[in-house]
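# Geometric and topological summary
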Amino acid sequence: MTAHNPTHDSRQQLVIIGNGMVGHHCVEQLIERGATEHYRIHVFGEERHRAYDRVHLSEYFSGKDADALALGEPDLHKTHGVELHLGTRISAIDRDAREVVTPEGRLGYDSLIIATGSYPFVPPVPGPDSDMHPQARLVYRTLDDLDAIRSHAKTARRGVVIGGGLLGLEAANALRSLGLEAHVVEFAPRLMPVQLDEQGGIALREHIEGLGVGVHVGRATEEIAALSAGDDYRYRMHFKGGETLDTDMVVFSAGIRPQDQLARDCGLEIGERGGIVIDDSCRTSDPEIFALGECALWQGRLFGLVAPGYTMARTVAGCLTGGEERFSGADMSTKLKLLGVDVGSIGDAHGVTEGAKSYRWIDEAGSGYRRLVVSADGKKVLGAVLVGDNSYYDTLLQYAQNGIDLPENPASLILPQSEGGVPTLGADALPDTATICSCHNVTKGAVCQAVDAGCADIAALKIETKASTGCGGCTALLKQVFENELESRGMEVDRSLCEHFAYTRQELYALVRVEGITRFEELLDRHGHGLGCDICKPTIGSILATCWNQPIMDPQNVALQDTNDTFMANMQKNGTYSVMPRVAGGEITPEKLVVLGEVARKYNLYTKITGGQRIDLFGAELHQLPDIWQELISAGFETGHAYGKSIRTVKSCVGNTWCRYGVQDSVGMALELEHRYKGLRTPHKIKMGVSGCTRECAEAQGKDIGVIATEAGWNLYVCGNGGMRPRHAELFATDIDSDTLIRYIDRFLMFYVRTADKLQRTSVWRESLEGGLDYLKEVIIDDSLGLGEELEAQMKHVIDTYECEWANALGDPEKLKRFRTFVNDQCGDPDIVNVTERGQPRPARADERPESLAVEISS
């Protein structure tokens, strides 16, 4: 790595220093705009990890790893020919030679982007030597920082965070999640002094203290002193005024400073208080060098949020690809959930604008607080503060951002509706320029264009626009705008199941439950019309099976099933079927393995081990299925439900029984879960995984329900999936015992089958829930809807009434009459031709088949 354009590549060379969220977004924007046709791009990141989501950094302590937090596709850079240099520090910029200095040599550039971000500010508080006492001066910024905090927390009981801002409270939450007694020390007289006014700070403090976190505001730390070995704690913090606080570790989160040293050293213009000076195109004082993100200073302002950095990234990408996007500042409004407490801050939250007036709503008993700041003439929103309830945020933000005239009584915007509050601002009141997603700068107009282009569901809209894929704070507003746009185009948001039922699947499920309906015809008579169709029949068949667990082969149910369910096997491309018995948790005895081998050999079946740790037998003809299953059930097997929209498999690793790293019996838990939920019919197939440690050999985070063992119990993940749109499961609960784990899964599954749409995977269902994962936690963990016992009782009924569907069918000669290839003969299908490949049968291809198996008879 030495020369400027060292190859014969005619493209210019673009170097990006920094691989954080903003640097990564810039790469994405460059790729999207075709920059790789004109630039050979090199990206340098000091960290060893791919770019990851710092906004949700605290989730690292609740089970997510670097891969789960990573941004974008793993092979993004390689796919587009972008060279990514991880763990590589740029030591200097030589502007005269237009080269950067790397550990491996020099690399030339035609254009350079500095996206080095910021570093945590650690005030010069006297204390013990950092090399001897690293736990007295920890910071909260990178994954390596979090690894250090976690390591020191293992031997600590109490931790203190210096800094009561956004990151400080996140750090306190992290300490709390590690089981430490957490305290926050803030120099200012209130928490989050930048975003909240005095009353807002008081309300937030009451919430935080109610969670057991110690809050010490107005404290200036003068010294951190090491204590002797015999003391209860390791360090004593001395505050101005004589107060002290003992602790085992100290985390500094007292603000950030722009990482501008490279720019200083090479002579770029720097602001008085730091930051690389940029113009509206994000160019520095050297026109071939851009700066963006937290290291950049625009009109004297530094931006510590990701959304302005993303806007700068789009500006730079535009400049390098011939666009004209100017950076014109950014809205610093923020909506957060800190330690579970809603906090919102919009615009001029402190009301410093000349002539500004405020309306306040205070709930002292519930520590709730809302402040609305309006213009001197009382017509426009200037800012707002919310503590305890962010449901007002979206409406207030749209009033502020779009200059919408206030209603006659502005106070109604922050009052509860029971006290005269007005409904939320309708989506049709927003102009096309209204920003829906500030992270990706998606306007209402862009949403409208996506709808015009054919986006017919929220998932497709997110893929098309990237809205709600950043911090996720706009999810509810995006859904509201999307549905409003569909309706405004005459595209009725029709939630009917089909032409025969003017109800959603959720509504039909409730009707079946409430009215005790056990037959399709009964439901059709009461609430539908016509004869039914291929949409409503299997959907209602699934609902009936879920509610009452009736055998699907019973006469009243069999006509409702699709092909696979009708014959309890998966039809293959040559008209044969596959047979897949249950192998719970992937555990199987040698005797059962022998039986599977003997059955496969006897019926000449192709055998393959599946991704769900089962053995699939392919090539059985319809009339062979009862005989095959008779032999399997006699050997102790039961149906694996591979043909149904139901619980499929629970994949597991070997756990602590065999593995040196395992901390729990993952096989035992997988067996318990699979046997508990087998037979449950669901809107879509459900897969689970149980891993015995965080190495995750069972790939549980790619499942609808994932369970990962911890030393203290189990971490529960929900709503992941593989397939065409793979989605990592989200952490739902941590360090819970086995009984709690099963109770949560019982409730989760029954709430899913109760509320999901037909053929809706858990991941899509989760994205459709207003309030997202937090709402789901409230329903399942906090039982906010009071449904807990009911859901558990419904699951118990399914478990208590379970019966192997194949065993049921084999016991009824009438049901077996359906398993005939020809209605007037018991023979097989002569048109099914197999050849041998790798020692096993497979369907013959066209050129391998006899010339004519059927002869056309001319008249």
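Residues numbered from 1 in each chain as written. Predicted model: local features only at pLDDT ≥ 70, side-chain atom pairs only at ≥ 80, totals over all residues. Heavy atoms only, no water.

For the protein, the count of helices and strands is 26 helices and 38 strands. Principal-axis analysis of the C-alpha atoms places the extent of the protein at approximately 95 × 70 × 70 Å. Within the protein, buried positions represent 52% of all 859 residues. Look at the contacts in the protein between residues 6 or more apart in sequence, and 63% of them connect residues 24 or more apart. Counting 87 positive and 123 negative side-chain charges, the protein places the averaged centre of each group 2 Å from the other. (Helix = DSSP H or I, 4+ residues; strand = E, 2+ residues; numbered from the N terminus. Buried < 20%, exposed > 50% of the residue type's maximum accessible area, 1.4 Å probe, protein only. Contact = heavy atoms within 4.5 Å. Lys, Arg positive; Asp, Glu negative; His and termini not counted. Charge placed at Lys NZ, Arg CZ, Asp CG, Glu CD.)

What follows concerns the sheet that holds strand β15 (residues 244-247). Strand order in the open sheet formed by three strands is β13-β14-β15, with antiparallel pairing between adjacent strands. Taken across any chain shown, the strands that pair with only one partner, and hence form the sheet edges, are β13 (221-226) and β15. Neighbour to neighbour, the strand axes of the sheet diverge by 20° on average, direction disregarded. In terms of strand pairing, strand β14 (residues 235-239) meets β15 through four bridges, oriented antiparallel. Following the sheet pairing, Tyr-235 is matched in β15 by Thr-247. (Pairing = 2+ DSSP bridges. Axes fitted to C-alpha atoms, helices over the stretch in contact; angles between N-to-C directions.)

So, about the sheet that holds strand β23 (residues 357-363). Within the open sheet, the five strands sit side by side as β21-β22-β25-β24-β23. Their pairing is antiparallel. Strands at the two margins of the open sheet, each flanked by one partner only, are β21 (334-338) and β23. Across the sheet, the mean angle from the axis of one strand to that of its neighbour is 10°, orientation sign disregarded. With six bridges connecting them, strand β24 (residues 368-374) and strand β25 (residues 381-387) associate as antiparallel partners. What sits directly across from Arg-370, in β25, is Leu-386.

Moving on: the packing of helix α18 (residues 590-602) against helix α19 (residues 625-634). Two elements in contact, α18 and α19, have axes separated by 10 Å at closest approach and are oriented at 165°. The orientation of α18 relative to α19 falls into the category roughly antiparallel. The two elements α18 and α19 cross, and the hand of that crossing is right-handed. Contact with α18, carried on its side by Val-595, Leu-596, Val-599 and Lys-602, involves Ile-628, Glu-631 and Leu-632 of α19 and no other residues of that element. Of the residues assigned to the contact of α18 with α19, the class counts are five nonpolar, no polar and two charged. (Parallel < 35°, antiparallel > 145°, perpendicular 65-115°, else oblique. Left-handed = near helix turned anticlockwise from the far one by under 90°. Nonpolar A, V, L, I, M, F, W, Y, C, P; charged D, E, K, R; others polar.)

Under the defined criterion, the tally for this structure stands at 12 aromatic pairs. Look at Phe-751 and Trp-765: their rings are 6.0 Å apart centre to centre, the planes differ by 65°, and that puts the pair in the edge-to-face class. Taken together, the residues span a long stretch of sequence, with Phe-751 in helix α21 (residues 738-755) and Trp-765 in helix α22 (residues 762-768) at a distance of 14 residues. Note on Phe-751: relative accessible area 3%, which makes it buried. On the basis of relative accessibility, which here comes to 1%, the residue Trp-765 falls in the buried class. Ring-pair connections join several aromatic residues into one group, and the members of that group are Phe-567, Tyr-577, Trp-629, Trp-806 and Phe-819. Of note, Lys-592 hangs over the ring of Phe-637, and the distance from its end group to the ring centre comes to 5.0 Å. Looking at Arg-695, its charged tip hangs above the ring of Tyr-661, at a distance of 3.7 Å from the centre. (Phe/Tyr/Trp six-rings, centres within 6.5 Å; stacked < 30°, edge-to-face > 60°. Lys NZ or Arg CZ within 6 Å of the ring centre and 35° of its normal.)

Inspection of every chain in the model, using the stated rule, returns 39 salt bridges. Here Arg-150 makes a salt bridge to Asp-147, at a shortest N to O gap of 3.8 Å. Here Arg-150 and its partner Asp-147 are both found in helix α4 (residues 143-153), three residues apart, which amounts to about one turn of the helix. What makes Arg-150 partly exposed here is its relative accessible area of 28%. Owing to a relative accessible area of 27%, Asp-147 belongs among the partly exposed residues under this scheme. Among the ionic contacts, a cluster of salt bridges with common partners joins Glu-837, Arg-838, Arg-842, Arg-845 and Glu-848. (Salt bridge = Lys/Arg side-chain N within 4 Å of Asp/Glu carboxyl O.)

On to the domain arrangement of the protein, then. The domain architecture assigned to the protein consists of domain 1 (12-117 + 259-321), domain 2 (121-256), domain 3 (331-417), domain 4 (426-494) and domain 5 (570-801). Placing a centre on the C-alpha atoms of domain 1 and another on those of domain 5 gives a separation of 43 Å. (Domains from an automatic or database assignment.)

Where α21 meets helix α24 (residues 788-800), the axes come as close as 8 Å, and the angle between the chain directions of the two elements is 90°. Considering the angle they form, α21 stands roughly perpendicular to α24. Along the contact surface, α21 presents Arg-743, Asp-746, Arg-747, Leu-749, Met-750, Phe-751 and Arg-754, while α24 presents Gly-788, Glu-790, Leu-791, Glu-792, Gln-794 and Met-795. Across the contact of α21 with α24, the residue classes break down as five nonpolar, two polar and six charged.

You can see His-25 is positioned in helix α1 (residues 21-32). Not counting the four nearest positions on each side in its chain, His-25 is found in contact with Tyr-310, Ala-313, Arg-314 and His-440.

Here the focus is the pairing of β24. The element β24 is extensively covered by neighbouring structure, given that seven of its seven residues are classed as buried. Alternating residues of β24 divide into Gly-368, Arg-370, Leu-372 and Val-374 and Tyr-369, Arg-371 and Val-373, and every residue in both groups is buried. As paired elements, β23 and β24 share seven bridges and run antiparallel to each other. Looking at β24, one finds that Trp-361 is bridged to Arg-370. Connecting β23 to the next strand, β24, in antiparallel fashion are four residues, including Ser-367 with a positive phi near 55°.

Counting residues in each nonpolar core, the largest one holds 89 residues, and the members touching the most others are Leu-30, Ile-93, Val-100, Leu-112, Ile-113, Ile-114 and Leu-396. With seven residues, the single largest contributor to this core is helix α8 (residues 306-320). Not counting residues up to four positions away in its chain, the partners in contact with Val-100 are Val-15, Ile-17, Ile-90, Ala-92, Ile-93, Gly-105, Arg-106, Leu-107, Tyr-109 and Leu-112. The next biggest cluster of nonpolar side chains, apart from the first, holds 59 residues, and it includes Phe-501, Cys-533, Met-688 and Cys-719. (Core = buried A, V, L, I, M, F, W, Y, C linked by side-chain atoms within 4.5 Å.)

Our next topic: unusual backbone geometry. Notably, Cys-719 is not glycine yet its phi reads approximately 70°, a positive angle. Within the element layout of this structure, Cys-719 appears in the loop between β35 (713-718) and β36 (730-736). Accessibility expressed as a relative area gives 0% for Cys-719, which makes it buried.

With that settled, consider helix α14 (residues 520-527). Those residues of α14 lying buried are Phe-520, Leu-523, Leu-524 and His-527. Looking straight down α14, one finds that the buried residues subtend no more than 100° of arc, so they occupy a single side. For α14, the secondary structure elements touched by its buried residues are α13 (505-515) and α15 (536-548). (Arc of directions from axis to C-beta.)

To continue, consider the side chain of Asp-348. Mapped onto the fold, Asp-348 is located in the loop between β22 (341-347) and β23. Buried charge without a salt bridge: Asp-348, with Arg-371 as the nearest opposite-charge side chain at an N-O distance of 7.2 Å. In terms of polar contacts, Asp-348 uses its side chain to reach the backbone amide nitrogen of Gly-351, at 3.0 Å. In this structure the side chain of Asp-348 is engaged in a polar contact, spanning 3.0 Å, whose partner is the backbone nitrogen of Val-352. Ignoring sequence-local partners within four residues, the contact set of Asp-348 consists of Thr-353, Val-373, Leu-382 and Gly-383. (Polar contact = N/O pair within 3.5 Å; in protein donor to acceptor, adjacent residues only side chain to side chain.)

A few words on α24. An ideal rise of 1.5 Å per residue puts 18 Å on 13 residues; α24 measures up with 18 Å between its terminal C-alpha atoms. Buried within α24 we find Gly-788, Leu-791, Gln-794, Met-795 and Val-798. Looking straight down α24, one finds that the buried residues subtend no more than 135° of arc, so they occupy a single side. For α24, the exposed residues set more than 90 degrees away from the buried face come down to Glu-789, Lys-796 and Asp-800. (Expected span 1.5 Å × (residues − 1).)

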